[in-house]
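Spelled out from the first residue to the last, the chains are:
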Amino acid sequence: MTPLEQLPVKYIPVWDSKTKQYVMAKCDGDYDGELIAEHRWRLMVGRPTTTIDRKIVYMHQLVMPPKKGYWTRHLNGDYLDNRSSNLEYMTPSEACVMRSQPKRSKSGYRGVQQLCSTVEKGGPLKYHQRWQAIVAGKNMGSFKTPMAAAIMYDRAAKEKWGDKAQLNFPEGGTDGGE
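Since the model is a prediction, treat every value here as computed from it, not as a measurement.

K.L.:
Provide a residue-level description of the sheet that holds strand E1 (residues 9–16), including the pertinent values.
P.N.:
Strands pair in a sheet through their backbones, by hydrogen bonds, and they do so in one of two ways: parallel or antiparallel. Reading across from one edge, E2-E1-E3-E4-E5 is the order of the five strands in this open sheet, with mixed pairing throughout. Two strands in the sheet have a free side with no partner beyond their single neighbour: strand E2 (21–28) and strand E5 (55–58). This sheet shows a mean twist of 45° between the axes of neighbouring strands, independent of strand direction. Sheet topology places E1 next to strand E3 (residues 41–44); two bridges connect them, and they run parallel. Considered in E3, the bridge of Val14 is made with Trp41.

K.L.:
With reference to specific residues and values, describe the packing of aromatic side chains.
P.N.:
Applying the stated criterion to the full structure yields three aromatic pairs. Look at Tyr70 and Tyr89: their rings are 6.4 Å apart centre to centre, the planes differ by 65°, and that puts the pair in the edge-to-face class. Of this pair, Tyr70 sits in the loop between helix H2 (59–63) and strand E6 (71–74) while Tyr89 sits in strand E7 (residues 87–90), placing them 19 residues apart in sequence. Classification of Tyr70 as partly exposed rests on a relative accessible area of 38%.

K.L.:
Go over the pattern of salt bridges with me, naming the residues and quoting the values.
P.N.:
What the rule picks out here adds up to four salt bridges. A salt bridge links Glu88 to Lys164, with the nearest nitrogen and oxygen atoms 3.7 Å apart. Taken together, the positions of Glu88 in strand E7 and Lys164 in the segment after helix H4 (146–161) put the pair 76 residues apart, joining distant regions of the chain. Of the residues examined, Lys164 reaches a relative accessible area of 31% and is grouped as partly exposed. Each member of the salt-bridge network shares a partner with another, and the members are Arg73, Glu88 and Lys164.

Analysis parameters
Residues numbered from 1 in each chain as written. Predicted model: local features only at pLDDT ≥ 70, side-chain atom pairs only at ≥ 80, totals over all residues. Heavy atoms only, no water. Pairing = 2+ DSSP bridges. Helix = DSSP H or I, 4+ residues; strand = E, 2+ residues; numbered from the N terminus. Axes fitted to C-alpha atoms, helices over the stretch in contact; angles between N-to-C directions. Phe/Tyr/Trp six-rings, centres within 6.5 Å; stacked < 30°, edge-to-face > 60°. Buried < 20%, exposed > 50% of the residue type's maximum accessible area, 1.4 Å probe, protein only. Salt bridge = Lys/Arg side-chain N within 4 Å of Asp/Glu carboxyl O.

So far we have only geometry, and geometry alone does not tell us how the molecule works.
This is how it looks when you write it as structure tokens:
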């Protein structure tokens, strides 16, 4: 356990106007907890917010003040957990890597799309039975199945982003025999 994880936890009431009840947000029980407890909090788009000097401020911004060129990430994805051990700075490009897979994805995999082309300029799109893997805007090749493209995406994403890569097969269960 790190020293940050050993700090006492303070629970802060946050008003949720959708359910018309309070939910509890977590923060460190030291100075941050006292500073945060001074304000009235409400949920706005799933995140605890308050108003300070006529500006909307997120709870995590009081724990980790904004840094130019960086965003703040909740490691466990829970916006109500604002303990300093659950927050880290990341660049906007790292944030793109952390995005979840769109629900409307045809392939069902992150970084995989179906190849298409037009027969003539301005004509209708013609979809092929081929799939491509794309990592950071770079085409990793075309594949016969979406799963093969997803495996290639995972390999390239691990190489590019290391431990922070969001993978299709995080357990490595379907990784082409590695």
